[in-house]
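# Observations on the three-dimensional arrangement
Below, each chain spelled out in residue letters.
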Amino acid sequence: MQWILNQCWVRFLLQSAWSPHPFSWLLWGFVTAVAALVQQAKGAGPGTWVTAFTAVICFVIGGLTLLKNQWQFSLFDWLSLMTGVIVLLFYVLAKQPTASAVLATAADLLGYNSTIKKGWIAPYTDSATSFALNAAKFIPALFALNAYSVATWLYPAALVVANGGVAIMLVVRRRQIVHGGA
């Protein structure tokens, strides 16, 4: 499922008008990397693989969309991105897995603000399918964890809810636009 999803992301990004918010994706790269490092440190096993691979793809998508389009970033966008860098530095320097997992999850959810605002205004510039699949891929990853603690399950569980919510919002917003809603 991860491979198919990544193929869709890169293809849509390179061949279409799809233009996800780059700072959201770069932030998600940083905090997903922290989540993967935490899961690995806590012995989460194969459940870590999806998280680690997702971190790499988040950086790829963020970088490609940053290069593909002209962007103007708000102060909130910059602060969100810096939060991801700070969370990564916190994990590397403090080596506190549970606190890092909570901070990574909070920062990740903060990153949805820019994506939701952009998605509400221009819902066809994000892929509802990719958000839905991203939610779905973490369900088996949760069951593949070898160890369950707040440090290992909080982040992927939050992504199931957040990505699912964004997918639903994009679909609903598109229907509103088609039917003349504001």
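Further up the page is the structure itself.
Parameters at a glance
- Once a new chain begins, its residue numbering starts again from 1 and follows that chain's sequence as written.
- Reporting of local features is limited, given that this is a predicted model, to residues whose pLDDT is at least 70; pairs of side-chain atoms are given and counted only at 80 or more, and all residues count toward the totals for whole chains, interfaces and linings.
- Values reported for side chains reflect all heavy atoms of the structure, with hydrogen atoms and water molecules removed beforehand.
- Secondary structure is summarised from DSSP: a helix means a run of H or I of at least four residues, a strand means a run of E of at least two, and numbering begins at the N terminus for each.
- Under the scheme applied here, a residue whose accessible area is under 20% of the maximum for its type counts as buried, over 50% as exposed, and between as partly exposed, the area being computed with a 1.4 Å probe on protein chains only.
- Throughout, a contact is declared for two residues whenever any of their heavy atoms are within 4.5 Å.
- Each reported salt bridge corresponds to a side-chain nitrogen of Lys or Arg within 4 Å of a carboxyl oxygen of Asp or Glu.
- What is meant by a nonpolar core is a set of buried Ala, Val, Leu, Ile, Met, Phe, Trp, Tyr and Cys residues, joined one to another through side-chain atoms within 4.5 Å.
- Ring pairs are drawn from Phe, Tyr and Trp, using the six-membered ring of Trp, whenever the two centres fall within 6.5 Å, and their geometry is named by plane angle: stacked under 30 degrees, edge-to-face over 60, tilted for the rest.
- Whether a charge sits over a ring depends on NZ of Lys or CZ of Arg being within 6 Å of the ring centre and within 35 degrees of the ring normal.
- Here a patch means residues that are over 30% exposed by relative accessible area and free of salt bridges, tied together within 9 Å if like-charged and within 5 Å if nonpolar (Val, Leu, Ile, Met, Phe, Trp, Tyr).
- Calculation of accessible area relied on Shrake-Rupley with a 1.4 Å probe; when residues are assessed, cover is drawn exclusively from the protein chains displayed.
- Helix axes use the C-alpha atoms of the stretch in contact, all axes being lines fitted to C-alpha atoms, and the angles between their N-to-C directions lie in the range 0 to 180 degrees.
- For classification, angles of less than 35 degrees are called roughly parallel, those exceeding 145 degrees roughly antiparallel, those between 65 and 115 degrees roughly perpendicular, and all remaining angles oblique.
- The nonpolar class holds Ala, Val, Leu, Ile, Met, Phe, Trp, Tyr, Cys and Pro. Asp, Glu, Lys and Arg form the charged class, and all remaining residues, Gly among them, are polar.

## Looking at the overall build of the chain
For the chain, the count of helices and strands is seven helices and zero strands. In the chain, which comprises 182 residues, the proportion classed as buried is 47%. In the chain, once contacts between residues fewer than 6 apart in sequence are set aside, the share between residues at least 24 apart is 82%.

## Describing the pattern of salt bridges
This structure, assessed with the given rule, holds one salt bridge. Between aspartate 126 and lysine 118 there is a salt bridge, with its nearest N and O atoms 3.3 Å apart. Its relative accessible area of 15% is what places lysine 118 among the buried residues.

## Digging into the nonpolar core
Counting 29 residues, the largest nonpolar core has Trp28, Val31, Tyr112 and Phe131 as the members making the most contacts within it. Looking at this core, the elements with two or more residues in it are α2 (22–41), α3 (47–68), α4 (75–94), α5 (97–121), α6 (128–143) and α7 (150–178). A per-element tally of this core places α7 first, with eight residues. Contacts of tryptophan 28, omitting those with residues within four sequence positions, involve Ala33, Cys58, Asp108, Gly111, Tyr112, Thr115, Phe131 and Tyr155.

## As for unusual backbone geometry
Phi at lysine 95 takes a positive value of approximately 50°, unusual for a residue other than glycine. By secondary structure assignment, the location of lysine 95 is in the loop between α4 and α5.

## Observations regarding the packing of aromatic side chains
Per the counting criterion, the structure on display carries eight aromatic pairs. Note that arginine 173 overlies the ring of tryptophan 120, its terminal NZ or CZ placed 4.4 Å from the centroid.

## Points about a nonpolar patch on the surface
Side chains of Val102, Ile139, Phe143, Tyr148, Val150 and Trp153 sit close together on the surface and give an oily, nonpolar patch of about 600 Å² of accessible area. Of all the elements in the fold, those that place two or more residues in the nonpolar patch are α6 and α7. Take isoleucine 139: it is sitting in helix α6.

## A closer look at the packing of α5 against α7
Running from N to C, α5 and α7 cross one another at 5°; their axes reach a closest spacing of 9 Å. With respect to α7, the axis of α5 lies roughly parallel. Class assignment of the residues belonging to the contact of α5 with α7 gives a composition of 18 nonpolar, six polar and two charged.

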